[in-house]
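Observations on chain architecture
If you want the building blocks of each chain, they are given just below.
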Amino acid sequence: MRGGAKRSYYRLVWKQFARDRVSIVGLIFVLALFAVALGAPLLAGDRPLVASLDGHLRIPVFSNPKGVDWKGIEDSGRGWAVFPPVPYSPTNIDLEANLLPPDGKHFLGTDDRGRDVLARMIYGSRVSLSVGFVAVSIYAFIGVILGALAGYYGGKVDVVISRVIEVMMCFPTFFLILTVLAFLRPSIYNIMVIIGITGWPGVARLVRGEFLKQRKMDYVAAAKAIGASDGRIIFYHILPNALAPVLVSATFGIAGAILVESSLSYLGFGVPPPTPSWGEILSQSKQYIDFAWWLTIFPGAAIFLTVTAYNLVGEGLRDAVDPRLK
């Protein structure tokens, strides 16, 4: 597929995707979540966005001088400070303000250690997106490589890889992840890697099917006729034409990875404290579900809306790349 044809194809896919208003709403939500995750220090934290200290202008949100009480800087007469919209750190503990319901000071209330729930949810979005994208990148890479080899070479290579795929798909992924994590220390990196190395069979099957179909096309025969190497044919000619289903699968996979991470954090196998995570906030609600409703509603709604938004984007992409729907 040449450059002009690629651009025309992607424009056609976008045009088809843009017709689905529900998917566009999901995409807007996902982009907004990205903005929140990237701009977390500008939205929540106990460091000022900008401040004046003894006549010198500073930006403490990026470089914080030690020994400065920014909260009391105006009372001390040494200058002024402009704090983020949520002026609380997601990790600082305040036992005198524990389990406060939502009010004008703490918009989503506080948890059992007095930490602001909104600040923790803002920073928790970073964990969810990181796990989703890194884990999917790992298993998409593994799945694409193995699926491409199986579909292109066929024969014994296909048989061996197909049997490995079938064996991997026999294991319940979530319980396999729990088993592996039981022998490892809790870490966001371990979660990313484990989800990545257990989720590739679905991608491999998709790529294998596309390669089995594409390798019979005339352009592949022409590439072989002019002496192109197998690597060039696989990665330069066939793979670009086989990536559309992978992108759709990856979109659904990000939603699944976020849900798995939240479930692991809820069970206590996820990101270790004090790192904020939506699942970890939700886990606290088990002890205070009778009255601390905000610990259940807000993180639960964030997980539900995020997973739903990614699924809507995935469905829109699936319909856009399906030629039978054009």
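All of these numbers come straight from a predicted model, not from anything done at the bench.

1. With respect to the pairing of strand β1 (residues 50–53)
The side chains of a regular strand alternate, residue by residue, between the two faces of the sheet. The sheet contact formed by β1 and strand β3 (residues 79–82) spans 4 bridges and is antiparallel. Residue pairing across strands places Ser 52 opposite Trp 80, the latter belonging to β3. Here 3 bridges tie β1 to strand β2 (residues 56–58), and the two strands are oriented antiparallel to one another. Among the inter-strand pairings, Ala 51 is bridged to a residue of β2, identified as Arg 58. Hairpin connection, β1 to β2: the antiparallel pair is bridged by 2 residues, and Asp 54 has positive phi, about 55 degrees.

2. Considerations on the packing of aromatic side chains
What the rule picks out here adds up to 7 aromatic pairs. For the ring pair Phe 34 and Phe 133, a centre distance of 5.2 Å and an interplane angle of 65 degrees mean the geometry is edge-to-face. Taken together, the residues span a long stretch of sequence, with Phe 34 in helix α2 (residues 21–38) and Phe 133 in helix α5 (residues 117–153) at a distance of 99 residues. Phe 34 sits in the partly exposed class, given a relative accessible area of 28%. For the ring pair Tyr 152 and Tyr 153, a centre distance of 5.0 Å and an interplane angle of 85 degrees mean the geometry is edge-to-face. Judged by relative accessible area, which is 8%, Tyr 152 ranks as buried. Directly above the aromatic system of Tyr 236 lies the positively charged group of Arg 232, at a separation of 4.4 Å from the ring centroid. Across the ring face of Tyr 266, the terminal group of Lys 286 is positioned such that the distance to the ring centre comes to 4.9 Å.

3. Describing the sheet that holds β3
Spatially, 3 strands are ordered β2-β1-β3 in an open sheet, and the strand pairing comes out antiparallel. Sheet topology places β2 and β3 at the edges, where each strand pairs with a single neighbour. Across the sheet, the mean angle separating the axes of adjacent strands is 15 degrees when strand polarity is ignored.

4. Points about the pattern of salt bridges
Per the counting criterion, the structure on display carries 8 salt bridges. A salt bridge links Arg 208 to Asp 158, with the nearest nitrogen and oxygen atoms 2.6 Å apart. Taken as a pair, Arg 208 in helix α9 (residues 200–214) and Asp 158 in helix α6 (residues 155–170) lie far apart in primary sequence, 50 residues in all. Judged by its relative accessible area of 26%, Arg 208 is partly exposed.

5. A look at the confidence of the model for the chain
For the chain, the average pLDDT comes to 84, and 94% of its residues sit at 70 or higher. Per-element mean pLDDT across the chain ranges from 71 in helix α1 (residues 3–18) up to 92 in α2.

6. Some remarks on α6
Taking 1.5 Å per residue, 16 residues should reach 22 Å; α6 reaches 23 Å between its end C-alpha atoms and fits that length. Every buried residue of α6 is listed here: Asp 158, Ile 161, Ser 162, Ile 165 and Met 168. Relative to the axis of α6, the buried residues are bounded by an arc of 125 degrees and lie together on one face. Exposed and facing more than 90 degrees away from the buried side of α6 are Lys 156, Val 160 and Cys 170. Residues of α6 that are buried sit in contact with α5, α8 (188–198) and α9.

Basis of the calculations
- Residues numbered from 1 in each chain as written.
- Predicted model: local features only at pLDDT ≥ 70, side-chain atom pairs only at ≥ 80, totals over all residues.
- Heavy atoms only, no water.
- Pairing = 2+ DSSP bridges.
- Helix = DSSP H or I, 4+ residues; strand = E, 2+ residues; numbered from the N terminus.
- Phe/Tyr/Trp six-rings, centres within 6.5 Å; stacked < 30°, edge-to-face > 60°.
- Buried < 20%, exposed > 50% of the residue type's maximum accessible area, 1.4 Å probe, protein only.
- Lys NZ or Arg CZ within 6 Å of the ring centre and 35° of its normal.
- Axes fitted to C-alpha atoms, helices over the stretch in contact; angles between N-to-C directions.
- Salt bridge = Lys/Arg side-chain N within 4 Å of Asp/Glu carboxyl O.
- pLDDT = per-residue confidence, 0-100.
- Expected span 1.5 Å × (residues − 1).
- Arc of directions from axis to C-beta.
- Contact = heavy atoms within 4.5 Å.

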